[in-house]
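Each chain is listed here by its residues.
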Amino acid sequence: MIQRADYTPSVRDMLDGLRALGDDAAAEAVLPPGCYASAEFFEFEREAVFGRSWLCVGRVDQIPNAGDYLAASAAGEPLLVVRSERGTIHAMSAVCRHRGQVLTCESGAGRRAFKCPLHFWTYDLDGYLINAPRMGGRETVEQLRRDLRLPQVKVELWHGFIFVNLDLDAPPLAPSLAKLEPTWAGYEDADLVTVPPVAADKPLPWNWKVQLENFTDAYHPEYVHIGTHDFAPSNHRDGGVAFTEMREGDNTIVRTVPMLKPNGGMMRDGWGEDARFPAIETLPAVQRERLTFAMVPPNMQLMFAPGTVAYTLINPVGVEATFASSDRVTGGGWVLPRKTVELNDFAERAAAVREGASKIWAQDVPVNLAMQAGKRSRFHPRGCYGPLEKTLQQFNQWLVWRYRATWAAAQ
């Protein structure tokens, strides 16, 4: 169910400026600082972007059995993502149809039903009401059962990831991620399992777009990540970063960088030759020689390395409040061969990867804080982009397409 985005005068002013730009100009322009610092603009984006986009909420192997479920959030909406008795995965509102109590905020396993903690109204795994105690006679309860079901939300599975979309008319996800398909070559032949990211319990004090821009920026590693990212340079005499083209309808922004030697990966001190997760034997040579960084906006980051696919899930709850769950921030967030996870020293290897990732993250934190502070400055520049910032331009273009679509629908 889609709600109408909130167009306050300040939001309209920012959108008018972006709406006047042609596609090329929109890609070249740095977004106005208010897009990062205005609480009103964040509320607009909550509906215009997060309420109308495919959002990743987890992996299918996190809910392997009937009655297993994830408690998720999309555009501020509490959801339940459930494995049904039939083995299918579906998503629905977690808000009781009686008085609006959230049924649960915690993920779990083995449920046969969901019981509202306030008045014990109970729903089956498909969201149908099955009990409403003390609500009158039998006929009244039977009528409620016929009439009430937890609202359903659109779901799509993609390479083991679970995506939801509040817009029931949204086009399918998979075609919009087509340019990522070659990157998966060889990975899924390795009997992959998931080590989910530890859920963040403290929001990061910057805008969600700052988080994604930092991830996708190929310009900053040479200067910010000295010592931790040198093994995977954006600039290299034999060719550095490679970008993919961005077309309207695309929902992924991709870049790759070379490694100084094949089969490298994350070590205790960052990227290096002695990867703690062994290279996957089924990968083609090109996947062993480069790292792929893919953003699936607005809430997912993917990193393909020879030994793993690492992922980050973000959930913004305010203009300067963004939860991020990943190996860099909280730990976990890896898709790995089963035989890697079953290694006797896997815990030690995972701790080393976590340590290396956290060192990269420690370098990013101060620049993200400073970037957000700059967005509040009266002297914030119009800005410009260089040749290593193509993915930032593509992200801008994706955002402008989303803003325009919502604006057009409101006319």
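Residues numbered from 1 in each chain as written. Predicted model: local features only at pLDDT ≥ 70, side-chain atom pairs only at ≥ 80, totals over all residues. Heavy atoms only, no water.

Draft legend 1. Geometry of the environment of P337. Structurally, P337 can be placed in strand 19 (residues 334-337). For the pair formed by P337 and D274, sequence separation is 63 residues and the distance between their alpha carbons is 18 Å. Beyond its immediate sequence surroundings of up to four residues, P337 is in contact with A190, D191, L192, V193, I280 and G307. (Helix = DSSP H or I, 4+ residues; strand = E, 2+ residues; numbered from the N terminus. Contact = heavy atoms within 4.5 Å.)

Draft legend 2. Fine view of the sheet that holds strand 8 (residues 152-158). Taken together, the 6 strands give an open sheet; going across it, the order is 1-9-8-4-3-2, and neighbouring strands pair in antiparallel fashion. Edge positions in the sheet fall to strand 1 (55-59) and strand 2 (69-74), since each has one partner strand and no second. For this sheet the average axis-to-axis angle between neighbouring strands, irrespective of direction, equals 30 degrees. (Pairing = 2+ DSSP bridges. Axes fitted to C-alpha atoms, helices over the stretch in contact; angles between N-to-C directions.)

Draft legend 3. Quick look at the packing of aromatic side chains. For the coordinates displayed, the defined rule picks out 20 aromatic pairs. Here the aromatic rings of W184 and Y187 are separated by 6.4 Å at their centres, their planes lie at 80 degrees, and the arrangement is edge-to-face. Using a relative accessible area of 4% as the deciding quantity, one classes W184 as buried. Ring geometry for W208 versus F395: centroids 6.1 Å apart, planes at 80 degrees, classification edge-to-face. With W208 in helix 6 (residues 208-216) and F395 in helix 11 (residues 390-410), this residue pair connects regions lying 187 residues apart in the sequence. There is no split in this pair, since W208 and F395 are both buried. Positioned above the aromatic ring of F120 is the side chain of K115, whose terminal nitrogen or guanidinium carbon lies 4.6 Å from the ring centre. Sitting over the ring of Y36, K209 keeps its end group 4.9 Å from the ring centre. (Phe/Tyr/Trp six-rings, centres within 6.5 Å; stacked < 30°, edge-to-face > 60°. Buried < 20%, exposed > 50% of the residue type's maximum accessible area, 1.4 Å probe, protein only. Lys NZ or Arg CZ within 6 Å of the ring centre and 35° of its normal.)

Draft legend 4. Region of interest: the state of the cysteines. Taken as a whole and assessed by the stated rule, the structure comprises 0 disulfides. Not part of a disulfide, C56 finds its nearest cysteine sulfur in C105, a span of 20 Å. Exposure remark for C56: the relative accessible area of 3% places this residue in the buried category. No disulfide involves C116; its nearest neighbouring cysteine sulfur is the one of C96, lying 4.0 Å away. (Disulfide = S-S within 2.5 Å.)

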